[in-house]
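Observations on the three-dimensional arrangement
Letter by letter, the chains look like this.
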Amino acid sequence: MKKKILLVDDKATIGKVAGVYLGKDYDFTYREDPIKAIEWLNEGNIPDLIISDIRMPLMTGDEFLRYMKNNELFKSIPIVMLSSEESTTERIRLLEEGAEDYILKPFNPLELKVRIKKIID
């Protein structure tokens, strides 16, 4: 049985690219914002890993990470944060808040795959 990955990013192209690379090995789901992702999770879907962008409208990736880590049902799901900002301060803060990893955009899809594999396989 394939492990499940949820990607949350407001840019559909990121969803498509990640889907191409991850869809072969994982049960891949894409949601364009954290609100839709939370709705999907509350329907009983529990992924093995979540990848979330940081800069999104409606709810930021930071807020989504805090929501997930403060929710008893979801706090054990590993979360990998994506950002287009190279900020050591932000990276450290998000890792301290519970993110499993922090990957810069644009990312190499093969590197993303390797990092995911190290976390959930």
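Everything numeric here is computed off the predicted structure, so don't read it as measured data.

**Side note on the environment of Lys 105**
By the secondary structure assignment, Lys 105 is in the loop between β5 (101–104) and α5 (109–120). Of the residues examined, Lys 105 reaches a relative accessible area of 14% and is grouped as buried. As a C-alpha pair, Lys 105 and Ser 84 span 21 residues in sequence and 4.6 Å in three-dimensional space. In contact with Lys 105, other than residues within four places in its own chain, are Asp 9, Ile 14, Asp 53, Leu 82, Ser 83 and Ser 84. Polar contacts involving the side chain of Lys 105 include one to the side chain of Asp 53, which spans 3.2 Å.

**What to know about the sheet that holds strand β4 (residues 79–83)**
Read from one edge of the open sheet, five strands run β2-β1-β3-β4-β5, paired in parallel fashion. This sheet does not close on itself; its edge strands, each paired only once, are β2 (27–31) and β5. Taking each pair of neighbouring strands and ignoring which way they run, the sheet shows an average axis angle of 20 degrees. Inspection of the sheet shows strand β1 (residues 4–8) paired to β2 by five bridges, in the parallel sense. By the bridge assignment for β2, Ile 5 is matched with Phe 28. Sheet strands in contact with helix α3 (residues 61–69) are β1, β3 (49–53) and β4, and its direction is about 175 degrees off that of β4.

**Quick notes on the UniProt feature "modified residue: 4-aspartylphosphate" (unreviewed entry) in the protein**
Taking the numbering used here, the UniProt-annotated feature "modified residue: 4-aspartylphosphate" (unreviewed entry) corresponds to Asp 53. The class for Asp 53 is buried, based on a relative accessible area of 3%. Setting aside residues no more than four positions away along its own chain, Asp 53 makes contact with Val 8, Asp 9, Asp 10, Gly 61, Met 81, Leu 82 and Lys 105.

**Section: the packing of helix α1 (residues 12–22) against α5**
Relative orientation of the contacting elements α1 and α5 amounts to 60 degrees, with a least axis distance of 10 Å. Taken as axis vectors, α1 and α5 run oblique relative to one another. Once α1 is placed against α5, the crossing between them reads as right-handed. Residues Val 17, Tyr 21 and Leu 22 of α1 touch α5, and the partners they reach there are Pro 109, Leu 110, Leu 112, Lys 113 and Ile 116. Split into classes, the residues belonging to the contact of α1 with α5 amount to seven nonpolar, no polar and one charged.

Procedures and definitions
- Residues numbered from 1 in each chain as written.
- Predicted model: local features only at pLDDT ≥ 70, side-chain atom pairs only at ≥ 80, totals over all residues.
- Heavy atoms only, no water.
- Helix = DSSP H or I, 4+ residues; strand = E, 2+ residues; numbered from the N terminus.
- Buried < 20%, exposed > 50% of the residue type's maximum accessible area, 1.4 Å probe, protein only.
- Contact = heavy atoms within 4.5 Å.
- Polar contact = N/O pair within 3.5 Å; in protein donor to acceptor, adjacent residues only side chain to side chain.
- Pairing = 2+ DSSP bridges.
- Axes fitted to C-alpha atoms, helices over the stretch in contact; angles between N-to-C directions.
- UniProt positions renumbered as here; feature names shortened; annotations may be inferred.
- Parallel < 35°, antiparallel > 145°, perpendicular 65-115°, else oblique.
- Left-handed = near helix turned anticlockwise from the far one by under 90°.
- Nonpolar A, V, L, I, M, F, W, Y, C, P; charged D, E, K, R; others polar.

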